[in-house]
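Residue-level structural notes
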Amino acid sequence: MYAVSKPNKAISAAIFFSLILCSYGCQKAPETEASPALRLVQTQRVEPSATENWREFPGTVQAGQQADLSFRLAGKLARIVPEEGDQIEQGQVLATLEDADYQIQLNSAQAEYARASAEFARAGALLAKQLISQTDYDKMQAQYVAALASLESARQNLQYTIIEAPFKGIVARRYVDNFEDVSAQQSILTIQDLSTLRIKVDIPETVMIRLKQDSQLKVYAAFDALPEQRFPLTLHAVATEADPVSHTYSVTFNMAASGSANILPGMSLTVRGTQQLEDNSIVIPTHAVAENANGRFVYVVQNNGDGTGVVNMRLVSTGQINEQGITILSGLIAGETIVTAGMSKMSDGLQVRLARGEQQ
């Protein structure tokens, strides 16, 4: 009898303590139930942007002037003077062909011209006395004109055996050696004028379409090997037809030759330019702008002053996109705060919790 009663007492004690714990827990549960947590958002204060919009494009150095020189006639080189890298003067004789055959042609043309000229003069005197017909006179005149043309051609051919420098510069390339046989129009020398350099860049159509003709541009060139130096550029020419493949527009700038650096055609560089922006323009991150059927919009946060805020959707009109972000033309004013992360989870009137440092 006594052996059976002990377990019942133990069970009763366990039930008693369980009821006490349950009662305590049921009383405390309502006190620990928390309100739903507010969503934490990243925000940014809207401020006027910088007054300049920077853009960078790869460019290539070109000579201010460049000419590929060749003979108009075929022949054997009699002399070629300069070597690559030599300085040359305007009008300097750079190369000549052996001209013996062309000199013979000139002598023959001179003789034929002298004969035709004398006969034409006699024909004029005979026609005045009506001793020859007008037809015979016209034949003599035609022979004279043909002989004169042949003489001028022979003189030109002899002149074409000489290549003279069209401008002062430097020999960039020499393609042949002395005494070689060359053909007409074969490249002999390439000369360059490096007193002024040309910088060529290709501008995307998305940038060209936003450039204003009256905007004040500041442009300079920078070389990776000369990180501390900037070389000012001035506009030289702008192509108005896009490349059919790359859809870019060729823009060429002038750059003065540098006395401190050996800048040569073919070198690569970076062209950096600025365009003056409108006063008081506002630029915000592009990812802070969303779009729906009504247009583009941002979420503006009204700060409650206790670390929380209320989100309101605000329609905005936008302008160009640059490295800083997207320009806001209307809909925002400086000093307002916008949501910059979690746009897809926002809704108009939503209460949010502001990230630390953004609660003021």
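Residues numbered from 1 in each chain as written. Predicted model: local features only at pLDDT ≥ 70, side-chain atom pairs only at ≥ 80, totals over all residues. Heavy atoms only, no water.

Some details on the overall build of the chain
Note the threshold: Each helix is a run of H or I in the DSSP string that is no shorter than four residues. Each strand is a run of E no shorter than two, and both are numbered from the N terminus. Per-residue accessibility, obtained with a 1.4 Å probe over protein chains only, is compared with the maximum for each type, and a residue is labelled buried under 20%, exposed over 50%, and partly exposed between these values. The contact definition used throughout considers only heavy atoms, calling two residues in contact when any of these lie within 4.5 Å. For every accessible area listed, the method is Shrake-Rupley and the probe measures 1.4 Å; residues are considered covered only by the protein chains on display.
Across its full length, the chain holds four helices and 23 strands. The burial tally for the chain puts 31% of its 360 residues in the buried class. Taking all contacts inside the chain whose residues are at least 6 apart in sequence as the whole, residues at least 24 apart take part in 74%. By element, 51% of the accessible surface of the chain is carried by carbon and sulfur atoms, the whole surface being about 22600 Å².

Some remarks on the environment of Ala-288
Note that Ala-288 resides in the loop between strand 16 (282-284) and strand 17 (290-292). Residues Ala-288 and Thr-43, spaced 245 residues apart in sequence, show a C-alpha to C-alpha distance of 9.4 Å. Apart from the residues within four sequence positions on either side, Ala-288 is in contact with Phe-297, Val-298, Ile-338, Val-339, Thr-340 and Met-343.

As for the sheet that holds strand 16
Applicable threshold: Paired strands are those between which DSSP finds at least two bridges. Each axis is a line fitted through C-alpha atoms, and for a helix only the stretch in contact is used; angles between axes span 0 to 180 degrees, taken between their N-to-C directions.
Across the sheet, three strands lie side by side as 16-21-20; this open sheet has antiparallel pairing. Looking along the sheet, the strands with just one partner apiece sit at the ends: strand 16 and strand 20 (317-322). Here the average twist between neighbouring strands, direction ignored, is 35°.

A short note on a negative patch on the surface
Convention followed: Exposure above 30% relative accessible area and no salt bridge define the residues that can form patches, which grow by joining like charges within 9 Å and nonpolar side chains of Val, Leu, Ile, Met, Phe, Trp and Tyr within 5 Å. Salt bridge, as used here: a side-chain nitrogen of Lys or Arg that lies within 4 Å of a carboxyl oxygen of Asp or Glu. Working convention for charge: Lys and Arg count positive, Asp and Glu count negative, and His plus the chain ends are omitted. For this purpose, a charge sits on NZ of Lys, CZ of Arg, CG of Asp or CD of Glu.
A grouping of Glu-98, Asp-99, Asp-101 and Asp-181 is seen on the molecular surface, where their side chains present a negatively charged patch. With respect to the helices and strands, the residue Asp-181 is situated in strand 9 (residues 181-182).

Here we look at unusual backbone geometry
Although it is not a glycine, Phe-179 sits at a positive phi angle of roughly 70°. Structurally, Phe-179 is set in the loop between strand 8 (169-174) and strand 9. Given a relative accessible area of 55%, Phe-179 falls into the exposed group. Positive phi values are uncommon outside glycine, yet His-247 reaches one of about 55°. Taking relative accessible area as the criterion, His-247 reaches 43% and is therefore assigned partly exposed.

Things to note about the pattern of salt bridges
Taken as a whole, this structure holds 10 salt bridges when the rule is applied. With its nearest N and O atoms 3.5 Å apart, the salt bridge here joins Arg-272 to Glu-56. Of this pair, Arg-272 sits in strand 15 (residues 268-276) while Glu-56 sits in strand 3 (residues 52-70), and the two are 216 residues apart along the sequence. Between Arg-174 and Asp-177 there is a salt bridge, with its nearest N and O atoms 3.9 Å apart. With a relative accessible area of 17%, Arg-174 lands in the buried category. A relative accessible area of 46% places Asp-177 in the partly exposed class.

Describing the nonpolar core
Rules: Residues belong to a common nonpolar core when they are buried Ala, Val, Leu, Ile, Met, Phe, Trp, Tyr or Cys residues joined through side-chain atoms within 4.5 Å.
Counting 19 residues, the largest nonpolar core has Ile-199, Leu-233, Phe-253, Met-255, Ile-263 and Val-271 as the members making the most contacts within it. Mapped onto this core, the elements with two or more residues apiece are strand 3, strand 10 (187-204), strand 11 (217-223), strand 14 (248-256) and strand 15. For this core, the leading source of residues is strand 10, giving four residues. Setting aside anything within four residues of it in sequence, one finds Met-255 in contact with Thr-196, Leu-197, Ile-199, Ala-221, Phe-223, Phe-231, Pro-232, Leu-233 and Ile-263. Listed in part, the 18 residues of the second largest apolar core include Ile-80, Ile-88, Ala-95 and Ile-163.

Re the confidence of the model for the chain
What counts here: Summary of the metric used: pLDDT quantifies the predictor's per-residue confidence within the range 0 to 100.
The predicted model of the chain has a mean per-residue pLDDT of 85, with 83% of residues at 70 or higher. pLDDT under 50 marks residues 1-35. Its contacts with residues more than four places away, or in other chains, come to zero contacts.

Overview of the packing of aromatic side chains
Put simply, the rule reads: Pairs were defined over the aromatic rings of Phe, Tyr and Trp, the Trp ring being its six-membered one, requiring ring centres within 6.5 Å. Orientation was assigned from the angle between planes: stacked under 30 degrees, edge-to-face over 60, tilted for the rest.
Summed over all chains, the structure comprises five aromatic pairs. Aromatic side chains Phe-120 and Tyr-144 sit 5.2 Å apart centroid to centroid with 15° between the ring planes, which places their arrangement in the stacked category. Taken as a pair, Phe-120 in helix 2 (residues 100-128) and Tyr-144 in helix 3 (residues 134-159) lie far apart in primary sequence, 24 residues in all. Judged by relative accessible area, Phe-120 falls into the buried class, the value being 17%. Judged by centre distance (5.5 Å) and plane angle (80°), the ring pair of Phe-297 and Tyr-299 falls under edge-to-face. Per residue, the accessibility class of Phe-297 equals that of Tyr-299, and both read buried. One aromatic cluster is present, built from ring pairs that chain together Tyr-113, Phe-120, Tyr-137 and Tyr-144.

Describing the side chain of Thr-308
We count it as follows: Polar contact criterion, stated in full: a pair of N or O atoms within 3.5 Å, where within protein one must be able to donate a hydrogen and the other to accept it, and residues adjacent in sequence count only if both atoms are side-chain atoms.
Within the secondary structure layout, Thr-308 lies in strand 19 (residues 308-315). Polar side-chain contacts of Thr-308 include one of 2.5 Å to the side chain of Asp-306.

Examining the environment of His-236
Structurally, His-236 is set in strand 13 (residues 234-238). Between the C-alpha atom of His-236 and that of Thr-252, which follows or precedes it by 16 residues, the distance is 5.4 Å. Excluding its chain neighbours within four sequence positions, the residues that come into contact with His-236 are Arg-198, Thr-252, Phe-253 and Asn-254. A distance of 3.4 Å separates the side chain of His-236 from the side chain of Arg-198, its partner in a polar contact.

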